[in-house]
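Geometric and topological summary
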Amino acid sequence: VSKCCEEVRDYVEERSGEDPLVKGIPEDKNPFKELKGGCSGAKMPALHIEDLPEKEKLKMEVEQLRKEVKLQRQQVSKCSEEIKNYIEERSGEDPLVKGIPEDKNPFKEKGSCIIS
């Protein structure tokens, strides 16, 4: 696996502990907690950035910029070349590219029908 692919994999694995889809949303921060008991006429809360006070918007922006500054960046031309090479190296193993051998094809027609 190329260095670029390894870095992407490592980045995702490192942050999986922070991912609410992996670890869940804390009860006190869950905007949908009121919906747990089923649909009792409660409306889903809608969060609109434009409704937040300016101070909150700026805090969110600073937080996002802090996350982005920590990212190690690489040139797209270099990464795309590595990803292309990775895919091309493995294309011979891909049944969508090389096809399925007739004897192993589960969708091969068992017989034929002749209409005369």
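Here the structure is a predicted model, which means the values were calculated and not measured. (Residues numbered from 1 in each chain as written. Predicted model: local features only at pLDDT ≥ 70, side-chain atom pairs only at ≥ 80, totals over all residues. Heavy atoms only, no water.)

1. With respect to the overall build of the chain
Within the chain one finds five helices and zero strands. From first element to last, N terminus to C terminus, the chain shows the α and β order α-α-α-α-α. Counting only residues that meet the buried cut, the chain has 6% of its 116 residues in that class. Across the chain, contacts joining residues at least 24 apart in sequence account for 35% of those joining residues at least 6 apart. Carbon and sulfur atoms form 56% of the exposed surface of the chain, whose accessible area is close to 10,800 Å². (Helix = DSSP H or I, 4+ residues; strand = E, 2+ residues; numbered from the N terminus. Buried < 20%, exposed > 50% of the residue type's maximum accessible area, 1.4 Å probe, protein only. Contact = heavy atoms within 4.5 Å. Areas by Shrake-Rupley, 256 points an atom, 1.4 Å probe, with all protein chains shown as cover.)

2. Examining the UniProt feature "coiled-coil region" (unreviewed entry) in the chain
Residues annotated in UniProt with the feature "coiled-coil region" (unreviewed entry) correspond here to residues 55-89. End C-alpha atoms of residues 55-89 are separated by 51 Å, and the span's content is 86% helix alongside 0% strand. (UniProt positions renumbered as here; feature names shortened; annotations may be inferred.)

3. Thoughts on the pattern of salt bridges
One pass over the structure, following the stated rule, counts five salt bridges. The residue Glu 56 makes a salt bridge to Lys 59 at a minimum N-O spacing of 3.8 Å. You can see Glu 56 and its partner Lys 59 sitting in helix α3 (residues 54-70), three residues apart, about one turn around the helix. Given the relative accessible area of 33%, Glu 56 is considered partly exposed. With relative accessibility at 47%, the residue Lys 59 sits in the partly exposed group. Lys 84 serves as the salt-bridge partner of Glu 81, at 3.8 Å between the closest nitrogen and oxygen. Of this pair, Glu 81 and Lys 84 both sit in helix α4 (residues 76-90), three residues apart, which is roughly one turn of the helix. Residue Glu 81 is classed as partly exposed on the basis of its relative accessible area of 38%. (Salt bridge = Lys/Arg side-chain N within 4 Å of Asp/Glu carboxyl O.)

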